[in-house]
Amino acid sequence: MSPSTRIVVHPSYVVGEIDRRIFGSFVEHLGRAVYTGIYEPGHETADEQGFRQDVADLTNELGTTVVRYPGGNFVSNYFWEDGVGPREERPTRIDLAWRTLEPNTVGTDEFLAWTKKTGTEPVMAVNLGTRGADAAANLVEYCNIPGGTTWSERRRANGADEPYAIKTWCLGNEMDGPWQIGHKTADEYGKIASQALQAMRRVDPTIEFVVCGSSSRDMVTFGEWERIVLEHTFDDADYLSMHAYYEEHDGDRVSFLASAAAFEAFMHEVIATADAVAARKHSTKRLKLSVDEWNVWYLSRFAGEENLELLEQPRLIEDVYSVLDAVVAGDLLSTLVRNADRVAIACLAQLVNVIAPIMTEPGGEAWKQTTFYPIALTAEHARGVTLDARIEAPTLTTGKYGDVDGVASTMTWDAETGSLVAILSNRTDAASETTIDASAFSGLTLVDAQTIIADHAGPRKTRDDAEAATPKALDGVSVDGGIVSLTLPAESWSLVRFTASV
């Protein structure tokens, strides 16, 4: 007999409103993310600015809302001034992060033109590795001041008469990491972040800030890093970042399928630390998270930055994903949605070519990796609010994370459209007979049910192979009054839609 799962959902029990910025992504000057990724003059789909329309179309289909730029590790040695003004006058630099020759052909103005073209919102990062408050404040002036100052007039002279009005700014990147150019202790970073924040806000009082949390849960400084940084920045910061990547280690498929359980525990620990600082400060402020790097990344296959050859636009970190990876990626994203009360921004790292859902060939096609499918489907349908659904699920015992729920659920409700959505991940190797008690809703009607089932075929190296992750119809879903019955396939990710009223 298949193990059973029971879910109870009620429209009155709301976790939080879903911030559309959860469906963000990330473009860094790394490998082919920019050059031959979003940008390739001469490509048959390139527009007059050199941006690939086929990539822009897939970005929109993915449901991307915000895009973090220009890094990532790249930003910690980046002189933003190199990437503005006449292209023929821009210098070629050595990017110390990825040991790449950076021609600065694409810079601030070009990227912001691309976000306008794609209808995405920029999240801009500033260099707090080798630079500080002055350069960061100057960039805000360049981007956000209408005119009449040195840097705003420089922007206008460069062809952007109107300010870009960038709202969200990241104060550095992974400054806790010894691999980071300009790596700092928590106290050092907290001080420089506070200084930069104050200067940038003097330029534009309307902007908001993301301060660096830990690069991973495994950092030896995790927890203490957040506490010390927030002692310096809590009153002025708007978001605290966290980064998380997952991969299958040594054939431990069970633990890999449970990655989202570890992801959620990581989130809750960061939140608890932030709230502890709030308590010590006698503050009612509840800081939200910017999970501005998350994905499946086979980091163990990466040789390390110090071993890279000095090249221009190398093929770096171009992981090829399996259908199993797609199931895990879908579970990770639904976990972000499930925690909508505290997660405001999330950026899939990255968008194109580098551990990405979109791949390109120079002069050739752009295509979807397996991970594209659950991300796009979730971004399209998870709207409104997340509901506090209660679940009774089988236990999955893992070697890495201990016992976790074998089935996870995220329920969203959009009262304006009457759309109730169930996102269900079966992490176990057995089908699960599942009931959803939605009897608190009226007129519950099934609209659609789709699923992605993991296989053992390994990485899908071509566009046609990757289409194996295209969601298929989940058959056998029945609705009797307000009770839904369905069978979740083993090792699967599913999205089921209903219409209802309250």
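Residues numbered from 1 in each chain as written. Predicted model: local features only at pLDDT ≥ 70, side-chain atom pairs only at ≥ 80, totals over all residues. Heavy atoms only, no water.

A. Geometry of unusual backbone geometry. Between Gly 71 and the following residue, Gly 72, the backbone shows a cis peptide bond with an omega angle of 10°. Relative to the helices and strands, Gly 72 is located in the loop between strand S4 (66-69) and strand S5 (93-95). For the bond running from Ala 349 to Gln 350, omega is 0°, close enough to zero to count as cis. The topology assignment puts Gln 350 in the loop between strand S12 (343-348) and strand S13 (358-360). Even without a glycine there, the phi angle at Thr 36 is positive, about 70°. Mapped onto the elements, Thr 36 comes out in the loop between strand S3 (24-26) and helix H1 (53-62). At Glu 174, a position not held by glycine, the phi torsion is positive, near 45°. Residue position: Glu 174 is located in the loop between strand S8 (168-171) and helix H5 (186-203). (Helix = DSSP H or I, 4+ residues; strand = E, 2+ residues; numbered from the N terminus.)

B. Quick peek at helix H3 (residues 133-144). In this model H3 runs 16 Å from its N-terminal to its C-terminal C-alpha over twelve residues, within 8% of the 16 Å that 1.5 Å per residue would give. Among the twelve residues in H3, nine count as buried, and that is most of the element. Residues of H3 that are buried: Ala 135, Ala 136, Ala 137, Leu 139, Val 140, Glu 141, Tyr 142, Cys 143 and Asn 144. (Expected span 1.5 Å × (residues − 1). Buried < 20%, exposed > 50% of the residue type's maximum accessible area, 1.4 Å probe, protein only.)

C. Up close: empty space enclosed by the protein. The full count for this structure, using the stated rule, is four cavities of 30 Å³ or more. The space that makes up the largest cavity amounts to roughly 100 Å³. For the lining of the largest cavity, the secondary structure elements donating two or more residues are strand S7 (121-126) and H3. Of the residues belonging to the lining of the largest cavity, the class tally is eleven nonpolar, two polar and one charged. (1 Å grid on protein atoms, 1.4 Å probe; cavity = no way out; pocket = protein on both sides within 12 Å on 5 of 7 lines; lining within 4 Å. Points joined across faces, edges and corners; volume = space filled by probe spheres on them. Nonpolar A, V, L, I, M, F, W, Y, C, P; charged D, E, K, R; others polar.)

D. Molecular detail of the sheet that holds strand S24 (residues 478-480). Pairing is mixed in the open sheet, where five strands are placed in the order S16-S1-S21-S25-S24. Pairing within the sheet leaves two strands with one partner each, and these edge strands are strand S16 (390-392) and S24. Strand after strand, the sheet turns through a mean of 20° between neighbouring axes, direction not considered. Taken together, the six bridges between strand S21 (residues 432-437) and strand S25 (residues 483-488) define a ladder with antiparallel strand orientation. Looking at the pairing, Asp 437 lines up with Ile 483 of S25. (Pairing = 2+ DSSP bridges. Axes fitted to C-alpha atoms, helices over the stretch in contact; angles between N-to-C directions.)

E. Representation of the layout of surface pockets. Of the voids in this model, the largest pocket is the one considered here, and its volume is about 780 Å³. Lining the largest pocket are 35 residues; nearest its centre among them are Ser 215, Ser 216, Tyr 245, Trp 297 and Leu 299. Those elements that provide at least two residues to the lining of the largest pocket are strand S10 (239-246) and helix H8 (259-280). Grouping the constituent residues of the lining of the largest pocket by class yields 18 nonpolar, nine polar and eight charged.

F. Just the environment of Leu 112, in detail. Among the secondary structure elements, Leu 112 is positioned in helix H2 (residues 108-118). We classify Leu 112 as buried; its relative accessible area is 5%. Taking C-alpha positions, Leu 112 is 9.6 Å from Tyr 69, a pair spaced 43 residues apart along the chain. The contact partners of Leu 112, leaving out residues within four places of it in the chain, are Pro 122, Met 124, Cys 143, Tyr 164 and Ile 166. (Contact = heavy atoms within 4.5 Å.)

G. Main features of the packing of aromatic side chains. All told, the structure shown has 16 aromatic pairs when counted by the stated rule. When the ring of Tyr 245 is compared with that of Trp 297, the centres are 4.9 Å apart and the planes differ by 80°; the resulting orientation is edge-to-face. Here the residue Tyr 245 occupies a position in strand S10, and Trp 297 occupies one in the loop between strand S11 (288-296) and helix H9 (323-338), the gap between them amounting to 52 residues. Taking the relative accessible area as the measure of exposure, Tyr 245 reaches 21% and is therefore partly exposed. Under the relative-accessibility criterion, Trp 297 is labelled buried at 12%. A cation over a ring is seen here: Arg 68 above Phe 26, with NZ or CZ 4.6 Å from the ring centre. (Phe/Tyr/Trp six-rings, centres within 6.5 Å; stacked < 30°, edge-to-face > 60°. Lys NZ or Arg CZ within 6 Å of the ring centre and 35° of its normal.)

H. Inspection of the pairing of S8 at higher detail. Covered by surrounding structure in S8 are Thr 168 and Cys 170 together with Trp 169 and Leu 171, the residues of both alternating faces. Across four bridges, S7 lies against S8 in parallel orientation. In the strand pairing of S8, Met 124 is matched with Trp 169. In terms of strand pairing, S8 meets strand S9 (residues 208-211) through four bridges, oriented parallel. Residue pairing in the sheet places Leu 171 in a bridge with Val 211 of S9.

I. Local environment of the packing of H1 against H2. Here H1 crosses H2 at 55°, and the two axes come no closer than 10 Å. Judged on the interaxial angle alone, H2 and H1 are oblique. The two elements H1 and H2 meet at a crossing, and its hand is right-handed. Judged by residue contacts, Gln 53, Ala 56, Thr 59 and Asn 60 of H1 engage Trp 114, Lys 117 and Thr 118 from H2. Grouping the constituent residues of the contact of H1 with H2 by class yields two nonpolar, four polar and one charged. (Parallel < 35°, antiparallel > 145°, perpendicular 65-115°, else oblique. Left-handed = near helix turned anticlockwise from the far one by under 90°.)

It is worth stressing that arrangement in space is one thing and function is another; only the former is reported here.
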